[in-house]
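Structural description and commentary
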Amino acid sequence: MQLQSLFSASEEAMKKTIEKVKADLAAIRTGRANTAIIEGIKVESYGSLMPINQIAGISVPDAKTIEIRPWDASQLGAIEKAIQKADIGMTPINDGKVIRISVPQLTEERRKEIVKVIGKTAEDYRVAIRNERRVLVDGIKKAEKDKLITEDDRKKAENEAQKITDTYTKKVDECIALKEKEIMQI
(Lines give C-alpha, C1' and ligand atoms only; values in the text may rest on other atoms or scores of the structure.)
Protein backbone atom coordinates (compact mmCIF):
# COMPACT_ATOMS: atom_id res chain seq x y z
CA MET A 1 0.00 0.00 0.00
CA GLN A 2 2.94 2.33 0.53
CA LEU A 3 3.62 2.40 -3.23
CA GLN A 4 0.07 3.53 -3.91
CA SER A 5 0.45 6.53 -1.59
CA LEU A 6 3.78 7.41 -3.26
CA PHE A 7 2.12 7.34 -6.68
CA SER A 8 -0.86 9.37 -5.45
CA ALA A 9 1.35 12.07 -3.92
CA SER A 10 3.52 12.25 -7.02
CA GLU A 11 0.60 12.42 -9.42
CA GLU A 12 -1.04 15.12 -7.27
CA ALA A 13 2.14 17.21 -7.47
CA MET A 14 2.24 16.75 -11.26
CA LYS A 15 -1.41 17.85 -11.54
CA LYS A 16 -0.57 20.99 -9.56
CA THR A 17 2.29 21.66 -11.98
CA ILE A 18 -0.14 21.45 -14.92
CA GLU A 19 -2.54 23.84 -13.14
CA LYS A 20 0.38 26.25 -12.59
CA VAL A 21 1.32 25.99 -16.29
CA LYS A 22 -2.23 26.90 -17.28
CA ALA A 23 -2.39 29.81 -14.82
CA ASP A 24 0.98 31.20 -15.92
CA LEU A 25 0.10 30.88 -19.60
CA ALA A 26 -3.25 32.62 -19.06
CA ALA A 27 -1.38 35.63 -17.65
CA ILE A 28 0.71 36.01 -20.81
CA ARG A 29 -0.57 38.72 -23.10
CA THR A 30 -1.65 37.56 -26.55
CA GLY A 31 -3.05 40.72 -28.08
CA ARG A 32 -6.51 39.82 -26.80
CA ALA A 33 -8.02 41.19 -23.62
CA ASN A 34 -7.88 38.66 -20.81
CA THR A 35 -8.61 39.26 -17.12
CA ALA A 36 -5.66 37.04 -16.13
CA ILE A 37 -3.32 39.82 -17.33
CA ILE A 38 -4.21 41.94 -14.30
CA GLU A 39 -5.59 39.48 -11.72
CA GLY A 40 -2.18 39.06 -10.07
CA ILE A 41 -1.84 42.78 -9.39
CA LYS A 42 -1.99 43.77 -5.71
CA VAL A 43 -3.60 47.07 -4.72
CA GLU A 44 -2.95 49.09 -1.56
CA SER A 45 -6.46 49.12 -0.09
CA TYR A 46 -7.53 50.07 3.41
CA GLY A 47 -4.01 49.67 4.74
CA SER A 48 -3.20 46.29 3.21
CA LEU A 49 -2.27 44.79 -0.15
CA MET A 50 -5.19 43.02 -1.79
CA PRO A 51 -5.58 41.27 -5.14
CA ILE A 52 -7.32 43.56 -7.62
CA ASN A 53 -10.16 41.05 -8.18
CA GLN A 54 -11.11 41.30 -4.47
CA ILE A 55 -11.77 45.04 -4.57
CA ALA A 56 -13.19 45.38 -8.09
CA GLY A 57 -15.17 43.59 -10.75
CA ILE A 58 -13.07 42.79 -13.81
CA SER A 59 -14.66 42.20 -17.19
CA VAL A 60 -13.77 42.03 -20.87
CA PRO A 61 -16.46 43.91 -22.81
CA ASP A 62 -14.67 43.35 -26.14
CA ALA A 63 -11.52 41.66 -27.49
CA LYS A 64 -9.33 44.74 -26.95
CA THR A 65 -10.56 46.15 -23.61
CA ILE A 66 -10.35 45.17 -19.96
CA GLU A 67 -12.76 46.99 -17.66
CA ILE A 68 -12.26 47.34 -13.91
CA ARG A 69 -15.20 48.50 -11.75
CA PRO A 70 -14.20 49.00 -8.10
CA TRP A 71 -16.77 48.12 -5.45
CA ASP A 72 -15.78 51.38 -3.75
CA ALA A 73 -15.21 54.36 -6.10
CA SER A 74 -12.63 55.82 -3.69
CA GLN A 75 -10.30 52.95 -4.71
CA LEU A 76 -10.01 54.10 -8.35
CA GLY A 77 -6.75 56.01 -7.77
CA ALA A 78 -5.14 53.16 -5.85
CA ILE A 79 -6.11 50.65 -8.55
CA GLU A 80 -4.80 52.91 -11.31
CA LYS A 81 -1.48 53.37 -9.45
CA ALA A 82 -1.12 49.62 -8.88
CA ILE A 83 -1.67 48.88 -12.58
CA GLN A 84 0.92 51.48 -13.61
CA LYS A 85 3.36 50.14 -11.01
CA ALA A 86 2.84 46.54 -12.26
CA ASP A 87 4.33 47.61 -15.61
CA ILE A 88 2.14 45.36 -17.77
CA GLY A 89 2.89 47.47 -20.83
CA MET A 90 -0.57 49.03 -20.98
CA THR A 91 -1.87 52.33 -19.64
CA PRO A 92 -5.05 52.43 -17.53
CA ILE A 93 -7.64 55.07 -18.40
CA ASN A 94 -9.68 56.32 -15.44
CA ASP A 95 -13.03 57.99 -16.25
CA GLY A 96 -14.06 58.52 -12.61
CA LYS A 97 -16.23 55.38 -12.38
CA VAL A 98 -14.41 52.70 -14.34
CA ILE A 99 -10.81 52.01 -15.33
CA ARG A 100 -10.34 50.76 -18.87
CA ILE A 101 -7.21 49.18 -20.26
CA SER A 102 -6.85 49.02 -24.01
CA VAL A 103 -4.87 45.95 -25.13
CA PRO A 104 -2.66 46.84 -28.10
CA GLN A 105 -2.05 44.49 -31.03
CA LEU A 106 1.24 42.57 -30.72
CA THR A 107 3.96 43.10 -33.31
CA GLU A 108 5.46 40.08 -35.09
CA GLU A 109 8.76 40.64 -33.26
CA ARG A 110 7.05 40.76 -29.87
CA ARG A 111 5.10 37.60 -30.69
CA LYS A 112 8.35 35.73 -31.40
CA GLU A 113 9.88 37.02 -28.14
CA ILE A 114 6.86 35.79 -26.17
CA VAL A 115 7.05 32.36 -27.84
CA LYS A 116 10.76 32.12 -26.81
CA VAL A 117 9.88 32.99 -23.21
CA ILE A 118 7.11 30.39 -23.24
CA GLY A 119 9.58 27.78 -24.53
CA LYS A 120 11.93 28.46 -21.62
CA THR A 121 9.04 28.37 -19.17
CA ALA A 122 7.90 25.05 -20.63
CA GLU A 123 11.30 23.51 -19.97
CA ASP A 124 11.13 24.66 -16.32
CA TYR A 125 7.79 22.86 -15.93
CA ARG A 126 9.10 19.71 -17.62
CA VAL A 127 12.01 19.75 -15.15
CA ALA A 128 9.54 20.12 -12.25
CA ILE A 129 7.65 17.05 -13.47
CA ARG A 130 10.86 15.06 -13.90
CA ASN A 131 11.88 16.07 -10.36
CA GLU A 132 8.60 14.62 -9.11
CA ARG A 133 9.40 11.40 -10.95
CA ARG A 134 12.84 11.33 -9.29
CA VAL A 135 11.22 11.68 -5.85
CA LEU A 136 8.80 8.88 -6.74
CA VAL A 137 11.56 6.59 -8.02
CA ASP A 138 13.65 7.28 -4.90
CA GLY A 139 10.64 6.23 -2.80
CA ILE A 140 10.24 3.06 -4.87
CA LYS A 141 13.95 2.19 -4.43
CA LYS A 142 13.70 2.82 -0.69
CA ALA A 143 10.68 0.49 -0.52
CA GLU A 144 12.74 -2.24 -2.22
CA LYS A 145 15.72 -1.59 0.08
CA ASP A 146 13.42 -1.86 3.11
CA LYS A 147 12.22 -5.22 1.71
CA LEU A 148 8.65 -3.94 1.27
CA ILE A 149 8.66 -4.84 -2.43
CA THR A 150 10.60 -7.21 -4.69
CA GLU A 151 13.00 -6.23 -7.47
CA ASP A 152 10.34 -7.11 -10.06
CA ASP A 153 7.83 -4.87 -8.28
CA ARG A 154 10.41 -2.07 -8.27
CA LYS A 155 10.99 -2.40 -12.02
CA LYS A 156 7.23 -2.41 -12.72
CA ALA A 157 6.74 0.62 -10.46
CA GLU A 158 9.59 2.52 -12.14
CA ASN A 159 8.05 1.82 -15.56
CA GLU A 160 4.70 3.06 -14.28
CA ALA A 161 6.40 6.19 -12.87
CA GLN A 162 7.91 6.86 -16.31
CA LYS A 163 4.51 6.43 -18.01
CA ILE A 164 2.91 8.93 -15.61
CA THR A 165 5.79 11.36 -16.16
CA ASP A 166 5.45 11.06 -19.94
CA THR A 167 1.70 11.72 -19.69
CA TYR A 168 2.17 14.93 -17.68
CA THR A 169 5.10 16.10 -19.80
CA LYS A 170 2.87 15.67 -22.85
CA LYS A 171 0.16 17.76 -21.13
CA VAL A 172 2.71 20.56 -20.58
CA ASP A 173 3.68 20.36 -24.26
CA GLU A 174 0.01 20.52 -25.33
CA CYS A 175 -0.63 23.61 -23.17
CA ILE A 176 2.48 25.31 -24.57
CA ALA A 177 1.63 24.45 -28.19
CA LEU A 178 -1.88 25.84 -27.74
CA LYS A 179 -0.56 29.11 -26.27
CA GLU A 180 2.09 29.49 -28.99
CA LYS A 181 -0.58 29.00 -31.67
CA GLU A 182 -2.79 31.60 -29.94
CA ILE A 183 0.10 34.12 -29.80
CA MET A 184 1.15 33.67 -33.41
CA GLN A 185 -2.41 34.25 -34.71
CA ILE A 186 -2.92 37.73 -36.07
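Calculation notes
Residues numbered from 1 in each chain as written. Predicted model: local features only at pLDDT ≥ 70, side-chain atom pairs only at ≥ 80, totals over all residues. Heavy atoms only, no water. Helix = DSSP H or I, 4+ residues; strand = E, 2+ residues; numbered from the N terminus. Expected span 1.5 Å × (residues − 1). Buried < 20%, exposed > 50% of the residue type's maximum accessible area, 1.4 Å probe, protein only. Contact = heavy atoms within 4.5 Å. Axes fitted to C-alpha atoms, helices over the stretch in contact; angles between N-to-C directions. Parallel < 35°, antiparallel > 145°, perpendicular 65-115°, else oblique. Left-handed = near helix turned anticlockwise from the far one by under 90°. Nonpolar A, V, L, I, M, F, W, Y, C, P; charged D, E, K, R; others polar. Pairing = 2+ DSSP bridges.

Things to note about helix α1 (residues 2–26)
Over its 25 residues, α1 extends 37 Å from the first C-alpha to the last, a length consistent with the 36 Å expected when each residue adds 1.5 Å. All buried positions along α1 are accounted for by L3, F7, S10, M14, T17, I18, V21 and L25. Buried residues belonging to α1 abut α5 (108–145) and α6 (151–184).

A look at the packing of α5 against α6
Contact geometry of α5 with α6 gives a least axis separation of 9 Å together with a crossing angle of 170°. Looking at the two axes, α5 sits roughly antiparallel to α6. Helix-helix and strand crossings are classified by hand; for α5 and α6 the assignment is right-handed. Classifying every residue of the contact of α5 with α6 gives 16 nonpolar, 4 polar and 14 charged.

Here we look at the pairing of strand β4 (residues 65–70)
Successive side chains on a regular strand alternate, one facing one side of the sheet and the next facing the other. Burial analysis of β4 places 5 of its 6 residues in the buried class, which makes it a mostly covered element. Where strand β3 (residues 56–62) and β4 come together, 5 bridges link them in antiparallel fashion. Of the residues in β4, the one forming a bridge with A56 is P70. If you look at the hairpin formed by β3 and β4, you'll find 2 residues sitting between the two strands. Summarising the sheet, β4 and strand β6 (residues 99–102) pair through 4 bridges and their orientation is antiparallel. Among the inter-strand pairings, I68 is bridged to a residue of β6, identified as I99.

Description of the sheet that holds β4
One key point about sheets: their strands pair by backbone hydrogen bonds, in either a parallel or an antiparallel sense. Reading across the sheet, the 4 strands line up as β3-β4-β6-β5 and stay open at both edges, with antiparallel pairing between neighbours. Two strands bound the open sheet, and with one partner strand each, they are β3 and β5 (92–94). Put simply, the sheet's adjacent strands are angled 25° from each other on average, direction ignored. The strands touched by helix α4 (residues 76–86) within the sheet are β3, β4, β5 and β6, with β5 carrying the most contacts at an inclination of about 165°.

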